[in-house]
Each structure stands twice: as C-alpha cells, then as structure tokens.
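Topology and contacts: notes
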Amino acid sequence: MKKSALQKARAAYQPKLPIVLTGAVKAVEGNATESVADQEEIKKLFPNTYGLPELKFEKNPSPSVGTPINVGVILSGGQAPGGHNVISGLFDGIKKIHKDSHLYGFLMGPGGFVDHQYIELTNEIIDEYRNTGGFDIIGSGRTKLESKEQFDKGLEILKKLDIKALVIIGGDDSNTNAAILAEYYKSINAGVQVIGCPKTIDGDLKNDMIETSFGFDTATKVYSEVIGNIQKDCNSAKKYWHFIKLMGRSASHIALECALQTQPNVCIVSEEVEEKNMTLADIVDNIAGIVAKRAAKGDNFGIVLIPEGLIEFIPAMKKLIAELNDLLAANATEFATVAAAGQRQYIIDHLSAENAAVYASLPEGVARQLSLDRDPHGNVQVSLIETEKLLSEMVGRRLAEMKAEGSYTGKFSALHHFFGYEGRCADPSNFDADYCYALGFNAACLINSGVTGYMSSVRNLTKPSVQWITGGIPITMMMNMERRHGAMKPVIQKALVRLDGAPFRKFAAKRDEWALNTCYMYPGPIQYFGPAEVCDQPSMTLRYEQEGK
Ligand code: FBP
C-alpha cells in the first residue's frame, strides 16, 4: 500500500503508555458496585456479573509466568479515531503476557462473530495500522448481538479457535450487549471472558471511571478546524450565515466542545432545549433575534452550530418519537404493506390526537425520516434529518415577518453544512493515539486478571499519559432500565451534557458576547509533531470537567 509522507512519519509514533502498564501488574479490588439506577431489576437480570468490584492496576513485584492466550476482537458501531490503536495495544498486551498468544479480528462488526468471518491479526497487519484512523483493519458494523442463538453461534467459533476472551470495542449499545454476552457466557460456564472498550465520537459514554470515550478528542478537533476555516471565510466575505449541523446522535457534547473551541455566534445545546421546554418556534425566534441584532450593526453574517440529535430533545418531538417508536414496533408488519404515499396518513390515523397534530405540522422530508427504519438498536437515524436546512428556512421566514413588522432590515443568505463522517476516521490525535493504545493494552491486563463483564478504564486523562490510572469497571454499574422497541430493557445510561457542568457553564457565560460580537477562534489543524501545548492538549470538555479550566 502506497503511503503519504505523514502516514510514514506517523507509523513511527510510539504511544506513551501509563507508567503502571510498563511492568507487570496486579488488579487491586475496590468497592463492590451498584448500577446507576433500577438496582433490583438489573441485579435480577445479571445474577453472575452484578455488583462486582472496581479494579485498579498496581505494579506487581512478584508476577507469575504468563501462558499463551487466544483473544478475539470486534469493532462495533460507528467509526471513531483510535480504534486501530486499541487493537494494537491489545495485541502488544497479549504478546507481552506470552509471545505465543494470538489475536483474531471478527470482520465487519458483531455480524462477523455470529457468521464466523475472521482473520488472524499478525504482527505485519498490526504494524500497517498503528496510529492510523478508520476501522478498516477488520471493518465495523451495527448488527445487534442480543439473542441466545447469536451467542451460541459465536461460541462455536470461539471454541474452534480456542479463544478465551472477546474484546468488544463499542459505544453504549454495544457495551450493553457486551455485558449481556458476559453474563450469558458466565451463566453457562463457557470459559470465555468478555471485555468492553469505550468508543464513540459522540462523547456520551462516560462517568467517574470512564472520563471520555475515545475518538471524541480527534473528531471534535477536526470539526473545529473546519468551523474555524468557515469562520475566517465568513468574516472575510461578510455575506453568509452558515448553519452547521454536527454529529452526535443524542447528546450535544460535540457541538458544545466545538463551540468552546471556535466561539461561534450561536450554538444550540439540545439538553438545554429540553430542560427549558423549548419549542421549535422558540429556537427559531432566538436565532432570528441574533441575526437581526447583528444586522443592526451591519453584520449580515454569522455561524450557527446545531447538534445532530436536536429534534429528539424538543419536548413535543420527543413525545411524538416515543409514541412513533412503539407504534412502528407494534405494527411493523402492517406498516410494511402500506404504500409510501399512504404512510404519512397511516401514521396520523394511528397516533394520539396531540402527537398526530405535531406530526402533521412537520415538513414532508422530516416526517418521512421519522417514520423510516430505526437502526438495529431502535434509534431514529437522526444523521439523515436535515435540521440545518429546516432551521435556516424557518429563520428566513421569521426574518421576513420581522421585516414586514419593521424590526429587521438586513440581508439573510444561508449556507448549510453537516460535519460528521469527515472526522470519524481521521488519524488519531496524540491524545487519542495514547488513550486508545492504553485502553487496548489495559484490556489485555483485565483478561490476564481473569475477569469478565468489565470495561477497560483509563483515568486521570488531563495529566501527562504516563500518570494515567488504569483498571476496570463492571459494565452493569453503568446500567439502568429504558424503553426500547416498545419494552423495558437494561441499557447503559447515556451521559448527556450537564447544564450544571463546567463546560456548559463556561459556554453559557460567554455566549451573549459571542452572539453579537465577532469573537471567532481558529484552532487550526491537528498537530502531531511539535510542542506539547500544541500537540497533546485534551479536549476543552475534559479539561473543564476535570480541572474547571
Ligand atoms: P456510535 O455511537 O456507534 O459510535 O456512532 C456515532 C455516530 O457517529 C453518530 O454520531 C451518528 O449519528 C451515527 O454514528 C451515524 O451512524 P452511521 O455510521 O450508521 O451512519
């Protein structure tokens, strides 16, 4: 494969391991754990893996001699920068346990596990992918691992390859499935450990022990670079309002982080919209008001950041989507027979009067998108809803009314962007390269400790990587009961933006100034080589959360 100059230089980068992982380790047990909510139900559903203790690795002065171990790995869900380094860290970790250990990669996500599609990951393959973005080493997929048949089918290939541990690299839904799989294999004494690793650019898989999910750092740096470029263009031409939708299926962490890095005129935070019970009209009025105030100063340009998941956080829409999810799950067979032209009316006829009215008021494109297939986890595919166009159209209409009333005299010309896929496969920043390598290496240590149903945990992330603290947390600890596909299910609780958290408070304290004045910040491209303050800074979200600065 022909490589660019950067690829060649980057291949030589040696991720910095936490000091504790550079020698032999022993797992020190902390307190027994409880799930974040619904303890009784979760305990009943996970009798073998509930309540396990937190683990922390410490140096082991008298290590025993390791034996070879075969391990399987799956990349699950959306791509996130650094996945290849999790795999290379895992590879190096199990080779350190014993040089005759083997790593098998299941192809195209959990589907490859069920269908027995795999490759052995050799030294040559791993070396090709160190420090690179993408999940192309083995591919990823969104097949939901949930049935006993799938678990048993997967077990056949694990037995055939003598695999004793499976590492699932995924987001909240995939790690939920990892916990269910761990519980099942433990219940039948399958002799297979299951370990999870926290992946998602969305940044919503986190808690005290998982300070951030990998990929968030790199993806937000890529989006912030491009937003910064657009801001330069915008402030040069002074004639466009740019409506920029940013990925993040549910939480607004990505939009908020990009706002902190670039200081746009408007950034909507979905969690605030929900908390304040805002309607679509309120959001539009707010943006139109800012456009008008800037126009009064002669500034007919600006930047609006919109989180991808917004639609589901507008309370009226949330109620509608919840009823729609149940309706489509309960009537899937009948709905599939309704011709496309009649589907809108079918839905209106079957919804409650209140939700039918909201649904009927939506533009055709948005309504259609809400009724399309859910992803395998039952989620509306929000990345396909063009909220940026919806909002700019509505703002344009509101401004026309304001013009007629005499409260606005400017010019409004909008451009639209959606940044998501551009950042998910970038070469990992130094932070993500180090973090991911440590997560994978640490997963090998968890395997060596004999535990199952744990997630690899690397903490103290705002300190230099050598000082990071490593260990594992039981996945059940992160769970609660939620309604999915019309029934209550145990799932990992998503970490949404906290309105009382430092990142949002910093943003809220500055946003009025950023709205009216032009305070754009230009973070520039990710730097891989150079001074630490340019190359190794973690995200602002992480810095504010950990250190308040
Ligand atoms: P994960 O949670 O699986 O990491 O994926 C996150 C994400 O990138 C979301 O931001 C986005 O809504 C979704 O994936 C897009 O999904 P797809 O890759 O299937 O188009």
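Notes on the structure follow.

1. Here we look at the overall build of the protein chain
- Scanning the protein chain from terminus to terminus reveals 22 helices and 15 strands.
- For a compact globule of 549 residues, the expected C-alpha radius of gyration is about 24 Å, and the protein chain comes in at 24 Å, within 12% of that figure.
- Each principal axis of the C-alpha distribution contributes one length, and for the protein chain these read about 80 × 60 × 45 Å.
- For the protein chain, the proportion of its 549 residues judged to be buried stands at 57%.
- If you take every contact in the protein chain between residues at least 6 apart in sequence, the share linking residues at least 24 apart comes to 78%.
- Total accessible area on the protein chain is roughly 22,300 Å²; 52% of this is exposed by carbon and sulfur atoms.
- When the 58 basic and 65 acidic side-chain charges of the protein chain are each reduced to a single mean position, those positions are 4 Å apart.

2. Let's talk about the packing of helix H3 (residues 83-97) against helix H19 (residues 430-448)
- Between H3 and H19, the least distance of the axes is 7 Å, while the angle of their chain directions is 40 degrees. For the element pair H3 / H19, the angle class is oblique. For the crossing formed where H3 meets H19, the hand is right-handed. Only Ala433, Cys436, Tyr437, Gly440, Phe441, Ala443, Ala444, Ile447 and Asn448 of H19 make contact with H3, whose side of the interface consists of Asn85, Val86, Ser88, Gly89, Leu90, Asp92, Gly93, Ile94, Lys96 and Ile97.
- Looking at side-chain class alone, the contact of H3 with H19 contains 11 nonpolar, six polar and two charged residues.

3. What about the packing of helix H9 (residues 253-262) against helix H20 (residues 502-516)?
- The interhelical angle for the contact between H9 and H20, taken along N-to-C directions, is 55 degrees, at an axis separation of 10 Å. It follows that H9 is oblique to H20 by the angle criterion. Crossing of H9 over H20 shows left-handed handedness. Contact residues: H9 offers Leu256, Ala259 and Leu260, while H20 offers Pro503, Phe504, Lys506, Phe507 and Trp514.

4. Overview of the sheet that holds strand S5 (residues 118-120)
- If you trace the nine strands from one edge of the open sheet to the other, you get S1-S2-S13-S12-S7-S6-S3-S4-S5, paired in mixed fashion. Looking at strand neighbours, the two that pair on one side only are strand S1 (25-32) and S5, the edges of this open sheet. Averaged over all pairs of adjacent strands, the angle between strand axes in this sheet comes to 25 degrees, irrespective of strand direction.
- Relative to strand S6 (residues 163-170), strand S3 (residues 70-75) runs parallel, the two sharing six bridges. Along S6, the bridge assignment pairs Asn70 with Ile163.

5. A word on the site of the ligand
- Contacts to the ligand come from 13 residues, most closely from Gly78, Arg142, Asp202, Glu308 and Tyr421.
- Between an oxygen atom of the ligand and a side-chain N or O atom of Lys199, the distance comes to 3.0 Å.
- Here Tyr421 contributes a side-chain N or O atom positioned 2.6 Å from an oxygen atom of the ligand.
- Starting from 480 Å² of accessible surface for the ligand in isolation, the protein chains cover 81%.

6. Quick notes on the side chain of Thr200
- The residue Thr200 is located in the loop between strand S7 (193-198) and helix H8 (216-237) in this model.
- A relative accessible area of 12% means that Thr200 is categorised as buried.
- Setting aside its immediate chain neighbours within four residues, Thr200 contacts Ala80, Leu205, Ser213, Phe214 and Phe216.

7. Digging into the pairing of strand S4 (residues 102-106)
- Burial analysis of S4 places four of its five residues in the buried class, which makes it a mostly covered element.
- Of the pairings in the sheet, the one linking S3 to S4 comprises four bridges and is parallel in character. The residue of S4 that forms the bridge with Gly72 is Tyr104.
- Of the crossover connections in this fold, the one passing from S3 over H3 to the parallel S4 is right-handed.
- Where S4 meets S5, three bridges bridge the pair, whose relative direction is antiparallel.

8. Details of the environment of Cys258
- You can see Cys258 is positioned in helix H9.
- Discounting residues that sit within four places of it in the chain, Cys258 has contacts with Thr220, Tyr223, Ser224, Ile227, Leu246, Gln263 and Leu305.

9. A few points about the packing of aromatic side chains
- Summed over all chains, the structure comprises 14 aromatic pairs.
- Taking 6.1 Å as the distance between ring centres and 90 degrees as the angle between the ring planes, the aromatic pair formed by Phe243 and Phe412 counts as edge-to-face. In this pair, Phe243 sits in strand S8 (residues 241-246) while Phe412 sits in the loop between helix H17 (387-405) and strand S11 (414-419), placing the two residues 169 residues apart along the sequence.
- Ring centres of Phe431 and Tyr435 lie 5.6 Å apart, and the angle between their planes is 35 degrees; this geometry places the pair in the tilted category. Of this pair, Phe431 and Tyr435 both sit in helix H19, separated by four residues, roughly a single helical turn.
- Joined through ring pairs, the aromatic side chains of Tyr104, Phe106, Phe113 and Tyr118 make up one cluster.

10. Some words on helix H12 (residues 315-330)
- Its 16 residues place the ends of H12 23 Å apart at the C-alpha level, agreeing with the 22 Å of an ideal helix rising 1.5 Å per residue.
- Among the residues of H12, Pro315, Met317, Leu320, Ile321, Leu324, Leu327 and Leu328 are the ones counted as buried.
- Contacts made by the buried residues of H12 are with helix H10 (270-275), helix H13 (332-337), helix H14 (340-350), helix H15 (353-361) and helix H16 (364-371).

11. What to know about the nonpolar core
- Counting 115 residues, the largest nonpolar core has Ile87, Leu90, Phe113, Tyr185 and Leu246 as the members making the most contacts within it.
- Of the residues forming this core, the biggest block, 12 residues, is contributed by H19.
- Beyond its immediate stretch of four places on either side in the chain, Tyr185 contacts Phe113, Phe151, Gly154, Leu155, Leu158, Ala190, Val192 and Val194.
- Counting 48 residues, the second-largest nonpolar core is a separate cluster that includes Trp241, Val284, Val338 and Met402.

Scoring rules and cut-offs
Residues numbered from 1 in each chain as written. Predicted model: local features only at pLDDT ≥ 70, side-chain atom pairs only at ≥ 80, totals over all residues. Heavy atoms only, no water. Helix = DSSP H or I, 4+ residues; strand = E, 2+ residues; numbered from the N terminus. Rg over C-alpha atoms; globule rule 2.2 N^0.38 Å. Buried < 20%, exposed > 50% of the residue type's maximum accessible area, 1.4 Å probe, protein only. Contact = heavy atoms within 4.5 Å. Areas by Shrake-Rupley, 256 points an atom, 1.4 Å probe, with all protein chains shown as cover. Lys, Arg positive; Asp, Glu negative; His and termini not counted. Charge placed at Lys NZ, Arg CZ, Asp CG, Glu CD. Axes fitted to C-alpha atoms, helices over the stretch in contact; angles between N-to-C directions. Parallel < 35°, antiparallel > 145°, perpendicular 65-115°, else oblique. Left-handed = near helix turned anticlockwise from the far one by under 90°. Nonpolar A, V, L, I, M, F, W, Y, C, P; charged D, E, K, R; others polar. Pairing = 2+ DSSP bridges. Near = heavy atom within 4 Å. Polar contact = N/O pair within 3.5 Å; in protein donor to acceptor, adjacent residues only side chain to side chain. Right-handed = clockwise from strand over helix to strand, strands pointing away. Phe/Tyr/Trp six-rings, centres within 6.5 Å; stacked < 30°, edge-to-face > 60°. Expected span 1.5 Å × (residues − 1). Core = buried A, V, L, I, M, F, W, Y, C linked by side-chain atoms within 4.5 Å.

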